[in-house]
Amino acid sequence: QYTCRGRSGGRSATVAARRWTSVRTLGVRLPFDVPTEAAVNRRKHVQSIGPEQDIEAIRSIRQEIEDAVNTGDTTAFGRHLADDVAQLPPDQVIHGRDALLEVTAGTYEAFDIEEYFAIDTILVVGDLAVEHGTFELTMTPKDGGEVLEFHGLPYAYVYERRDGQWRVLRMS
C-alpha cells in the first residue's frame, strides 16, 4: 500500500494507507520502523550482487537521473536511456526514447518536481542489471494548482549494457 497526498488550500487527502515518517535523511522518507541511525546509512546498505564497478555505474546513473528530474533537465534525463526504452506507468506504456523525452519535457514545463529514490537492490548478471527500491515524488504545478505527493512507491529499472555503456531499458 502506498500514500498519495494532494494539498489544495490547506486540505490534505490520503489515498491508500502506508505510514511514512516525515523525517528526511539523504532526501528520502523512511518507514517508521527504520531507526534514524540506519536512515543515515540507507543508501550505503544496498543489497547488491554483481561486479562492484557495474554496481557503482548503476548507482551513478540513478543519481544522475534523480538530479536531472529535480532540476527539470530533459537532456540529462535522457542521457542514459536506450533508444528502445519503455516506461511502464500504471495507466499507459511509453515506448521509445523520443516519446518518453517528449512526455518528460511536458511534465517539466507544467511542474516543479522533487523526486528521491531509495535503492533496495541492484542485481547485475552479465549485460543486464535490475535495480529496485522505493521513491518519493512531489509535483508542484507551476500555475499554482494542487500539489501532489507520492510516498513509498515501488520502482524497478532494467538496464542493459550496450557498446560498453549501461542504458535504461525498462522503467516502472
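Heads up: the structure comes first, above all this text.
These numbers were taken from a predicted model, which means no experiment stands behind them. (Residues numbered from 1 in each chain as written. Predicted model: local features only at pLDDT ≥ 70, side-chain atom pairs only at ≥ 80, totals over all residues. Heavy atoms only, no water.)

## Concerning the packing of aromatic side chains
Piece 1. Going through the model one piece at a time under the given rule, you end up with five aromatic pairs.
Piece 2. Both rings, one in phenylalanine 117 and one in tyrosine 155, keep their centres 4.9 Å apart while their planes meet at 80 degrees; by these two values the pair is edge-to-face. Highlighted residues: phenylalanine 117 in strand β8 (residues 111–125) and tyrosine 155 in strand β10 (residues 147–162), separated in sequence by 38 residues.
Piece 3. With a centroid separation of 6.4 Å and 70 degrees between ring planes, the pair formed by phenylalanine 135 and tyrosine 155 is classed as edge-to-face. With phenylalanine 135 in strand β9 (residues 128–141) and tyrosine 155 in strand β10, this pair connects stretches of sequence that are 20 residues apart. (Phe/Tyr/Trp six-rings, centres within 6.5 Å; stacked < 30°, edge-to-face > 60°. Helix = DSSP H or I, 4+ residues; strand = E, 2+ residues; numbered from the N terminus.)

## Section: the nonpolar core
Piece 1. By size, the foremost hydrophobic cluster in this structure holds 30 residues, and its most contacted members are Phe77, Leu81, Tyr159, Val168 and Met171.
Piece 2. Elements that contribute at least two residues to this core include exactly α2 (52–71), α3 (74–78), β6 (81–87), α4 (97–110), β8, β9, β10 and β11 (165–171).
Piece 3. Top element by residues in this core is α2. It accounts for six residues.
Piece 4. With near-sequence residues (within four places) excluded, methionine 171 lies in contact with Phe77, Leu81, Val85, Ala86, Gln87, Leu88, Leu100, Ala156 and Tyr157. (Core = buried A, V, L, I, M, F, W, Y, C linked by side-chain atoms within 4.5 Å. Buried < 20%, exposed > 50% of the residue type's maximum accessible area, 1.4 Å probe, protein only. Contact = heavy atoms within 4.5 Å.)

## What to know about the pattern of salt bridges
Piece 1. The final tally for this structure, using the stated rule, is seven salt bridges.
Piece 2. The shortest N-O distance in the salt bridge between arginine 162 and aspartate 84 comes to 2.8 Å. One end of the pair, arginine 162, is in strand β10; the other, aspartate 84, is in strand β6, and 78 residues separate them in sequence.
Piece 3. The class for aspartate 84 is partly exposed, based on a relative accessible area of 39%.
Piece 4. By relative accessible area, which is 28% here, arginine 162 ends up partly exposed.
Piece 5. The network of salt bridges with shared partners includes Asp54, Asp127 and Arg161. (Salt bridge = Lys/Arg side-chain N within 4 Å of Asp/Glu carboxyl O.)

## Focus on the pairing of β8
Piece 1. Where strand β5 (residues 47–49) meets β8, three bridges bridge the pair, whose relative direction is parallel. Bridging across to β8, serine 48 finds its partner in isoleucine 122.
Piece 2. Two strands pair when backbone bridges link them, and β8 and β9 are joined in this way by 14 bridges, in the antiparallel orientation. Note on β9: the bridge partner recorded for aspartate 112 is threonine 140.
Piece 3. Counting the residues between successive antiparallel strands, the hairpin from β8 to β9 contains two residues, one of them, glycine 126, with a positive phi of roughly 60 degrees. (Pairing = 2+ DSSP bridges.)

Bear in mind that shape data such as this cannot, by itself, settle questions of function.
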